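# Examining the three-dimensional arrangement
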Amino acid sequence: MTDNPVFNFDLEGFISPFDLPPGFDFRNRLKVYRQRIKSRVTTADALKLRDKIAFVFGVINLGCTSFILGRFPEWEPLWYSINALFLLIVRFFDYRSQKYHYFMFDLCYFCNALCLVYLWIFPTSRTLFIVCYTLSHGPIAWAIVAWRNSLVFHSVDKITSVFIHIGPPLLMATLRHNYHPPAMQFCAPVNCTRRSLSCWCCRCWRTCAGSCFTTLW
């Protein structure tokens, strides 16, 4: 602590904002504190601890996802929603701090948002299901190969990149082929039978609907 009482911010000698001199700048002081916290977080020890935590949770997440897809596919919508909300919120604040947040207007984030809207707002919409299914199994799935996504457990950024591209295809494939809930909450996959999906009109509608939502994005 310094001898100047203005900068003495401990609990015992806390100075009220009304007692500060006219020329005191809170903004610069907070900027200095922010730089100090950022320097502490980016130290080698802090990075090692963060990588260890990310590695443990990444491995556990992969094991739980595989178990849910194979044993309890009816839990996949909830599991996908929890992962999507957590990873996308973390990425937003991470990108916001680096001023990269405009990258989140990409098609992959738009597709994940559409999947969440379908699951929890319009679960009976056949059109929205077809759009999510075609987008997730089209450009989103191919982006894994195009962008060379790698599953690196100690990197939250790489785990998020893999999830936003492989999460929607796994979700929509589970809803379409391996989802039999007792209450039939998501009725659109049930109505989309193979015969109805293979007809000429439905093929045209799938193409037009996917193109319209892509154009909207």
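Above this text you will find the structure in question.
This section reports on the structure supplied with the text. (Residues numbered from 1 in each chain as written. Predicted model: local features only at pLDDT ≥ 70, side-chain atom pairs only at ≥ 80, totals over all residues. Heavy atoms only, no water.)

## A few points about the side chain of Ser 136
For Ser 136, the position within the fold is in helix H5 (residues 126–146). Residue classification places Ser 136 among the buried residues on the basis of a relative accessible area of 0%. A distance of 2.7 Å separates a polar atom in the side chain of Ser 136 from the backbone oxygen of Cys 132. A polar contact of 3.2 Å, which involves the side chain of Ser 136, links it to the side chain of His 137. (Helix = DSSP H or I, 4+ residues; strand = E, 2+ residues; numbered from the N terminus. Buried < 20%, exposed > 50% of the residue type's maximum accessible area, 1.4 Å probe, protein only. Polar contact = N/O pair within 3.5 Å; in protein donor to acceptor, adjacent residues only side chain to side chain.)

## Observations regarding the layout of surface pockets
Of the voids in this model, the second largest pocket is the one considered here, and its volume is about 480 Å³. What lines the second largest pocket is a set of 19 residues, among which Asp 106, Cys 108, Trp 147, Ser 161 and His 165 lie closest to the centre. Contributing elements (two or more residues each) for the lining of the second largest pocket: helix H3 (76–97), helix H4 (107–120), H5 and helix H6 (156–177). It is H6 that contributes the most residues to the lining of the second largest pocket, five residues altogether. Classifying every residue of the lining of the second largest pocket gives 10 nonpolar, four polar and five charged. (1 Å grid on protein atoms, 1.4 Å probe; cavity = no way out; pocket = protein on both sides within 12 Å on 5 of 7 lines; lining within 4 Å. Points joined across faces, edges and corners; volume = space filled by probe spheres on them. Nonpolar A, V, L, I, M, F, W, Y, C, P; charged D, E, K, R; others polar.)

## Concerning the packing of H4 against H6
Viewed as axis vectors pointing N to C, H4 and H6 meet at an angle of 35°, and their least axial separation amounts to 9 Å. Both H4 and H6 take part in a crossing whose hand is left-handed. Contacts between H4 and H6 involve Cys 108, Tyr 109, Cys 111, Asn 112, Cys 115, Tyr 118 and Leu 119 from the first element and Phe 163, Ile 164, His 165, Pro 168, Leu 171, Met 172 and Leu 175 from the second. When the residues that make up the contact of H4 with H6 are grouped by side-chain class, the tally is 12 nonpolar, two polar and no charged. (Axes fitted to C-alpha atoms, helices over the stretch in contact; angles between N-to-C directions. Left-handed = near helix turned anticlockwise from the far one by under 90°. Contact = heavy atoms within 4.5 Å.)

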